[in-house]
Structure formats: C-alpha cells, structure tokens
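# Coordinates in review
Here is how the chains run, residue by residue.
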Amino acid sequence: MTSTSTGPSDLTEWIARIRGRDMPVFARTVDALRRIIVDDRASASALAQVILKDAPMTTKVLRLANSAYFNHANQGINTVSRAIVVLGFDPVAQLALSVALIDALLRGSVRSRVNLEMARSFHAAVQARWAIQRKGEQQGEEVFIAALLSRVGEMAFWCFGGDQAQALERCMSQGGVREEEAQQVVLGFSLRHLSAGLVREWKLGSLAAAAIEGDARSRGPERAVAIGDRLARAAEDGWDSVAARRAIREAADYLGLPVSVVSAEIIANAGEAARVAAFFGAPEAGRAIPRAEVPLPEPEPPAPPAAPDASLQLRILQDLAAMSLERAA
C-alpha cells in the first residue's frame, strides 16, 4: 500500500512523531504535572499554578471536581485550591492529566474511530474504578486514570494517523481479520505497543504500564484495569453476548460476588461512563458507549459559553494573586 509510506515507518518513529509534532502541548503539560506529582515537597499552590495557566483545563477540572462522580461529599468547589483541599492533591493532578489528554485528542482530526477508542477508554475507566472500589480498595482515581491512559496509543493513532489510519481502516473493514492482525499487516506493530511506548515516553505511571503489559494472574489494581477493558470491549457485542457474559463472570470472580449481583451494576456503569465522558467534554464518545436495553439518561454535553466567564476569570486571578503572596512571604 503506497499510501502508508507517507508516514512514520516503525513504532519508534510513531512515538517520536506523536510526542513531538502531534501532541507537544500535552507532552509539556505531562512534564509539568509529573515534576509536581513525584516531588514530595511540592505544594498545592504549585499544582494549582500549572492548572490555572490553562483556562479551559481550569474550567473542566472545576466541573469534574463538582460532579457527583468525583465529589462524593457534594461540597461546593469554586477554585482549584479548594478542589485540592476537598478531593486531595493526587486526584486533582490526575484529573488535570486526563483533561489534558482528552483536550489534546479533541484538537486533532476527530473521526469515528477516535470516538470509538475514546468511548472504550471512558467505559473501561469507569468499570475499572467501580471494580477496585467494590473490592474495598482506595485506588479508585489511580485505576480510573490508568484505564483511560491504557489506550492512549490507539486514540492518538486514529486521531493523527492520516493515510496510514485510512489504510488500516480499509484493512479492518474487509472482515475476517482481527484488529491486531490488521495492525501488524499495515503498520508492522500493534497499537497496544504504541500505547505502551507512549506511556513509557511520557512516564504516565507504573500502573498504566502494568495494565498494558497485562498479567492474567495478577490480583492487584492492574487486574481491575484489565477487567474494565474487557468489559468495555465485550459490551460492544451486546450485554447478552458470550464475550460479555464471560467478562461479567471474570469481574464477579475478582470481587468474590455472585454474577447476579454484579451484572446489574456493570450494565449501569455504562450509563455512568457516558455521563463522565460528557463531563470531560467528549459527549460524542459518551454516546458511542453501549448501553442497556432500558434507555439510560443521555449525558448532557456542556454548553459552550457565549462569553468569557467573568466569575471564573476573577477566581483564577484571585488564586494567582494568593500564590504570588505566598512566594513573596
């Protein structure tokens, strides 16, 4: 296929291109956030400053921080500093990271395959978070982000793949060819390896890397991520399919609960995932998530502001002023 020769020729070139040409803003945001996350001495004001530099990110982080999905205490949050106090340092940093990723992808050439991969990612993230919390563990937000990031290569490729993405889509549409086989034929590598390479390149966390590499015997948090991914993929064949029933049984075994107990919760999670996608500014992806036969409420996409939000701008200025006073003290 001559059209595939116009892009990167191997996995290493794809990683370099996505990092340097297609998603450089995300790369810089990841670098800034990572330096703060790994620094035990980093202050809340340092994290807030990174977020406040990006007004759209600030808006989305505050919207997510006020959602019932992340804000269980239902406390009103109107500043980034307040979000860090209520939700915690790491959860807010992880929310900012995920917002940066989705925004970077939405700036690209969004097409049906991107929405499908994004739908899978949000669905997997919500199912994985549910699984780890249902098990009684306290790693919900970390697992959510790891599941969301575990398909970063697939999302980035379909967003920025150009001629090679079109060639792969043609190959996959022929039927009788598994996705990974088609990827090997057209690209010479699987998109899962692209995800693993980008996670390592951007240092997106050991849990995301472990989830991509996979270990079916693991009972740790990466198993919850893997279960979330399998549930999301299997649901595309219908909740009554053999694949979905198998994935639900695996989740029940992981949790030590009857299938009858977890199946209704798992199906309800799909509707929750659609709402979460809309909160992240990706309502189209939310609508692509397979739902139960009984219609669940459609996610309401955030309405674009008709004019700059003066109150938000004032709060941003107040946060910045407070941080300036801290540094001067």
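This structure is a prediction, so every number in the text was calculated from the model and none was measured. (Residues numbered from 1 in each chain as written. Predicted model: local features only at pLDDT ≥ 70, side-chain atom pairs only at ≥ 80, totals over all residues. Heavy atoms only, no water.)

All right, on to the overall build of the protein chain then. Along the protein chain, the regular secondary structure elements total 18 helices and zero strands. A buried classification covers 51% of the 329 residues belonging to the protein chain. For the protein chain, contacts bridging at least 24 residues in sequence account for 67% of all contacts bridging at least 6. Split by element, the accessible area of the protein chain, about 15,100 Å² in all, is 52% carbon and sulfur. (Helix = DSSP H or I, 4+ residues; strand = E, 2+ residues; numbered from the N terminus. Buried < 20%, exposed > 50% of the residue type's maximum accessible area, 1.4 Å probe, protein only. Contact = heavy atoms within 4.5 Å. Areas by Shrake-Rupley, 256 points an atom, 1.4 Å probe, with all protein chains shown as cover.)

Attention shifts here to the nonpolar core. Residues M23, F122, F144, W202 and F280 are the most contacted members of the largest nonpolar core, which totals 108 residues. The element contributing the most residues to this core is helix α6 (residues 89-106), with 11 residues. What W202 contacts, discounting residues up to four positions off in sequence, is I18, R19, M23, F26, A27, V30, R34 and V152. (Core = buried A, V, L, I, M, F, W, Y, C linked by side-chain atoms within 4.5 Å.)

Working note: a packed helix pair is described by the angle between its axes plus the distance between those axes. It is the contact of α6 with helix α9 (residues 152-160), at a shortest axis distance of 9 Å, that shows an interaxial angle of 25°. By the angle between their axes, α6 is roughly parallel relative to α9. Contacts from L101, A104 and L105 of α6 reach α9 at V152, M155, A156, C159 and F160. Taken together, the residues of the contact of α6 with α9 break down into eight nonpolar, no polar and no charged. (Axes fitted to C-alpha atoms, helices over the stretch in contact; angles between N-to-C directions. Parallel < 35°, antiparallel > 145°, perpendicular 65-115°, else oblique. Nonpolar A, V, L, I, M, F, W, Y, C, P; charged D, E, K, R; others polar.)

This next bit is on the pattern of salt bridges. Any two side chains of opposite charge can pair, so long as their charged atoms come close to each other. Under the counting rule described, the total for this entry stands at 22 salt bridges. The closest approach of N and O atoms between R151 and E154, which form a salt bridge, is 3.9 Å. Of the residues examined, R151 reaches a relative accessible area of 4% and is grouped as buried. (Salt bridge = Lys/Arg side-chain N within 4 Å of Asp/Glu carboxyl O.)

In this description, an aromatic ring pair is defined by two values, namely the gap between the centres and the angle between the planes. Evaluated as defined, the whole model comprises eight aromatic pairs. Ring geometry for Y69 versus F70: centroids 4.9 Å apart, planes at 90°, classification edge-to-face. With respect to burial, Y69 and F70 carry one shared label: buried. Each ring, one from F70 and one from F144, has its centre 5.6 Å from the other, and the planes form 85°; the classification is edge-to-face. Of this pair, F70 sits in the loop between α4 (55-65) and α5 (80-87) while F144 sits in helix α8 (residues 140-149), and the two are 74 residues apart along the sequence. Since its relative accessible area comes to 7%, F70 is described here as buried. Residue F144 is classed as buried on the basis of its relative accessible area, which comes to 0%. Three or more aromatic residues joined by ring pairs form one cluster here, namely Y69, F70, F122, F144 and F280. The aromatic ring of W158 is capped on one face by R113, whose charged end is 5.4 Å from the ring centroid. Over the aromatic face of Y254 sits the side chain of K135, whose NZ or CZ is 4.5 Å from the ring centroid. (Phe/Tyr/Trp six-rings, centres within 6.5 Å; stacked < 30°, edge-to-face > 60°. Lys NZ or Arg CZ within 6 Å of the ring centre and 35° of its normal.)

On to the confidence of the model for the protein chain, then. Residue-level pLDDT values for the protein chain average 86, and 84% of them are 70 or greater. Looking at the elements of the protein chain, mean pLDDT is at its lowest for helix α18 (residues 310-328), recorded as 59, and at its highest for helix α15 (residues 242-255), recorded as 95. The model gives residues 1-5 a pLDDT under 50, and that stretch makes seven contacts with residues more than four places away or in other chains. Contacts for the low-pLDDT stretch residues 294-307, under 50 throughout, to residues beyond four places or in other chains number 17 contacts. (pLDDT = per-residue confidence, 0-100.)

This part is about helix α2 (residues 24-37). Given 3.6 residues per helical turn, the α-helix brings residues three or four places apart onto the same face. The terminal C-alpha atoms of α2, which comprises 14 residues, lie 20 Å apart, in line with the 20 Å expected from a rise of 1.5 Å per residue. Taken together, the buried positions of α2 are F26, A27, T29, V30, A32, L33 and I36. The elements touched by buried residues of α2 are α1 (11-22), α3 (44-52), α4, α6 and α12 (191-202). (Expected span 1.5 Å × (residues − 1).)

A separate point is unusual backbone geometry. What is expected of a backbone is that most residues other than glycine have negative phi and most peptide bonds are trans. Its identity as a non-glycine residue notwithstanding, N74 has a phi of 55°, on the positive side. The exposure class assigned to N74 is exposed, which follows from its relative accessible area of 66%. Within the chain, K203 stands out as a residue other than glycine whose phi angle is a positive 55°. Note on placement: K203 falls in the loop between α12 and α13 (206-213).

Turning to the side chain of N71, a few remarks are in order. Residue placement: N71 occurs in the loop between α4 and α5. Owing to a relative accessible area of 3%, N71 belongs among the buried residues under this scheme. Within the structure, the side chain of N71 is placed 3.0 Å from the backbone nitrogen of N74, a separation counted as a polar contact. Look past the residues within four positions of N71 in its chain and what remains in contact with it is A65, N66, I77, V86 and L87. (Polar contact = N/O pair within 3.5 Å; in protein donor to acceptor, adjacent residues only side chain to side chain.)

This next bit is on α9. Among the nine residues in α9, nine count as buried, and that is most of the element. Residues of α9 that are buried: V152, G153, E154, M155, A156, F157, W158, C159 and F160. Following α9 by one or two positions, G162 has its phi on the positive side, about 55°.

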